[in-house]
Amino acid sequence: MDRTSDKSGRFSRIRSTRAFGAALVASAAALAIGIPAQGQDRPESLLPPGFGDAPASAPAPSTPPPSSTPIDNGAPVIALQPPPPDIADNATEAFGNDALGNSAVQQVYELPDYARRSLAQVGAMDVSNGGFGADAYGNSSGALIDGLMRRLDAPIASRWLSIQLRRALLSNVPAPRGVAPADWVAERAWLLLRMGEADAARLLVQGVDVDRYSPKMYAVAVQSALATSDPAGFCPIADAVESIDGQPAWPLARAICAGLSGEAATSSAIIDRTRLNNSRDIDMLLAQKVAGAGSNGRRAINIEWDSVDALTPWRFGLANAVAVQVPDRLYATVGPEYQAWLARTPMVPPEQRMNAARIAAALGVFSNASLVDLYSQVADKTDPYAIDQSPAGYLRAAYVADDQGGRMSAMRTLWKDPKSPRDLYGSMILTARAAARIAPSEDRAGDAAALIASMMSAGLDLPAARWAALVARMDEAKADPAWSLLAVGAPGRVVDTGYARIAAYAKRAGDDGALRSRMLFAALAGLGRISGPDAERLAQELGVPVGQQNSWTRLLDKAVAQRQPGTVVLLAAIGMQTTDWRGVPPAFLFHIISALRQTGQGAVARMIAAEAVTRL
């Protein structure tokens, strides 16, 4: 999304920091990587204290251990920046954390006591459907958890960690100590928006009664309506937001709601009063067009994008609500989260959302099933005589071609000529279940790595593990790509992960594959699939300082010790604040995977490890 303030002043946003070494939050301190001591008789151990020791007994985690096959349940999209300080902080000072003091809200929105929903715990998931327990954050400081969420620069590098973070944010958990319940919901929804999770954010927002909104909650609710291209979402709160914020956009929101309600005269009057000297401003024109979509609208509005040089949430939400196509060049001015929002926008034809959907899948927003459904919609609209040479036709052939050779040929076509590394990974997610239908055989040995990577991208670890016997019989050099995926992604140790095998892999990878070798070692060590002596030796040889400590690792270790899986996931995301896997230090990957494994999230840890090997 646009990392700078909207020139129109309607939605100012805070710039989010992309640098890995930037401050994370005042209470967490800066991430500082220590320097190994020099001049010792023996090199300082690069492993953390206690590596390889049997884990101490601990209470059962609040999140039950996932099944051996992780569930790939990506959901459609959205992403935004934290509510601007003038709304989130200044308005809070003026009106208090609770919007109940706003008389306008009380007059237009009243519920009997029995119909009110509690703010004590708000969320759509719990341990019964893949979410986290009520103690996911334990007794962590509210200032820490709230601050980490607000400053987390999303989207993050890992699809699988993003999926797990969505589960944590959607879980029905109480607010940490010191955080107002409505603001707790707002911070979670805001982070979901920045991750591209528009529908998930709206689900949280709609879990709070409007008369219990805080100023921050109002700001996030508006952004949620824009990200989901649903301007009707303004209507329950437009009057209250205008009284709190006073920005010139809010009269336009009231005009939109009046127009959608069929009150064309009222809508026109509000727009005429607001227009002033910006009658041809793109934001004003979009508001007029949406307001005119009501039953009595009579204004014909033509939208011209030639003079527009940036995309904003307002422009995205209103344009897509009335099927006005946003030029592709404007999506280049914002982050990938906008593509995730676009992928789930119903007013945009399915064929125009296919590229965005692959990006959404790579971000963790779309699942394999969601992608296949979208391609199926495109297939339904495609000429039967032209479908065979279309992406939808190739996907159909990948599943149901007469023989495995035809299925493989179709999958290779879908993987060919990606627009970006993220696009390639999205294509692998698309073909995951088709790849699982290919039986291991010597004839397919050359395709083993690509097939296993495709299956792992959607969490199909058990079908992928069927290839272990074939990979073990292959020449080691030829088997390396498939072996590395099975070494970290399979449910158990199905291939050799001893020192000699890993060292040989690293030697053959050379300088070009050095980062991949370090990541593989870090993942195996984090999963506990390397013995202590072997891990010590490989850490020295590969130069991966997994034993170094800093503010971030100490917070992560504390969360593990106190059995706080939600805090662990949030801190893990802090360690992956980059959109490129090459920006994730191998030592960080070790700590992330180790912490997830120790808090009952081993299946997700394995999928993150397999993703790292695949995407480097």
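Cut-offs applied
- Residues numbered from 1 in each chain as written.
- Predicted model: local features only at pLDDT ≥ 70, side-chain atom pairs only at ≥ 80, totals over all residues.
- Heavy atoms only, no water.
- Helix = DSSP H or I, 4+ residues; strand = E, 2+ residues; numbered from the N terminus.
- Contact = heavy atoms within 4.5 Å.
- Salt bridge = Lys/Arg side-chain N within 4 Å of Asp/Glu carboxyl O.
- Buried < 20%, exposed > 50% of the residue type's maximum accessible area, 1.4 Å probe, protein only.
- Disulfide = S-S within 2.5 Å.
- Axes fitted to C-alpha atoms, helices over the stretch in contact; angles between N-to-C directions.
- Parallel < 35°, antiparallel > 145°, perpendicular 65-115°, else oblique.
- Nonpolar A, V, L, I, M, F, W, Y, C, P; charged D, E, K, R; others polar.
- Phe/Tyr/Trp six-rings, centres within 6.5 Å; stacked < 30°, edge-to-face > 60°.
- Expected span 1.5 Å × (residues − 1).
- Polar contact = N/O pair within 3.5 Å; in protein donor to acceptor, adjacent residues only side chain to side chain.

Draft legend 1. Molecular detail of the environment of Y137. As for its placement among the helices and strands, Y137 is situated in the loop between strand 1 (121-122) and helix 3 (142-151). Through-space distance from the C-alpha of Y137 to that of P174 is 9.0 Å; in sequence the pair is 37 residues apart. Y137 has contacts with I145, M149, A168, V173, W184, Q564, G566 and T567, leaving out every residue within four places of it along the chain.

Draft legend 2. Spatial organisation of the pattern of salt bridges. What the rule picks out here adds up to 24 salt bridges. Taking the shortest distance from any N to any O, the salt bridge between R473 and E442 comes out at 3.1 Å. A residue pair is termed long-range when its members are at least 10 positions apart, and R473 in helix 23 (residues 468-473) and E442 in the loop between helix 20 (432-435) and helix 21 (448-457) qualify at 31 residues. Neither R473 nor E442 differs from the other in exposure class; each is exposed. By sharing partners, the salt bridges in this structure join D146, R150, E187 and K216 into a single network.

Draft legend 3. Structural detail: the state of the cysteines. Applying the stated rule across the entire model yields one disulfide. Here C235 is linked by a disulfide to C257, with a sulfur-sulfur distance of 2.3 Å. The sign of the -105° torsion about the S-S bond sets the C235-C257 disulfide as left-handed. Separated by 22 residues along the polypeptide, C235 in the loop between helix 7 (215-227) and helix 8 (238-245) and C257 in helix 9 (residues 249-260) bring together distant segments of the chain.

Draft legend 4. Broad picture of the packing of helix 7 against helix 12 (residues 313-321). The contact between helix 7 and helix 12 brings their axes to 7 Å, and the two run at 45°. When the axis of helix 7 is compared with that of helix 12, the two are oblique. Residues Q223, L226 and A227 of helix 7 touch helix 12, and the partners they reach there are P313, W314, F316, G317 and L318. By residue class, the composition of the contact of helix 7 with helix 12 is six nonpolar, two polar and no charged.

Draft legend 5. Layout of the packing of aromatic side chains. Overall, the coordinates contain nine aromatic pairs when judged by the stated rule. With a centroid separation of 4.5 Å and an interplanar angle of 25°, the aromatic rings of W552 and F588 are classed as stacked. Of this pair, W552 sits in helix 28 (residues 551-561) while F588 sits in helix 30 (residues 586-598), placing them 36 residues apart in sequence. For the residue pair W552 and F588, the accessibility class agrees, reading buried in each case. Among the aromatic residues, those joined into a cluster by ring pairs are F316, Y331, Y338 and W341.

Draft legend 6. Region of interest: unusual backbone geometry. Here A154 and P155 are connected by a cis peptide whose omega angle stands at 0°. Along the chain, the position of P155 falls in the loop between helix 3 and helix 4 (159-170). Notably, S229 is not glycine yet its phi reads approximately 55°, a positive angle. Inspection of the secondary structure puts S229 in the loop between helix 7 and helix 8. Despite not being glycine, R563 has its phi angle at roughly 55°, a positive value.

Draft legend 7. How the structure looks around helix 24 (residues 476-489). In this model, helix 24 (14 residues) spans 18 Å end to end at C-alpha, consistent with the 20 Å of a helix rising 1.5 Å per residue. The buried count for helix 24 comes to 10 of 14 residues, which makes it a mostly enclosed element. Buried residues along helix 24 sit in contact with helix 21, helix 22 (461-465), helix 23, helix 25 (499-509), helix 26 (514-526) and helix 31 (602-615).

Draft legend 8. Expanded view of helix 28. Those residues of helix 28 lying buried are S551, W552, T553, L556, A559 and V560. Residues of helix 28 that are buried make contact with helix 29 (565-574) and helix 30. Between the side-chain oxygen at the start of helix 28 and the backbone nitrogen of W552 there is a gap of 2.9 Å, and the oxygen is on N550. R563 lies just past helix 28 and shows a positive phi near 55°.

Draft legend 9. Representation of the side chain of N368 within the structure. Positionally, N368 belongs in helix 16 (residues 368-381). Since its relative accessible area comes to 2%, N368 is described here as buried. In this structure the side chain of N368 is engaged in a polar contact, spanning 3.1 Å, whose partner is the side chain of R433.

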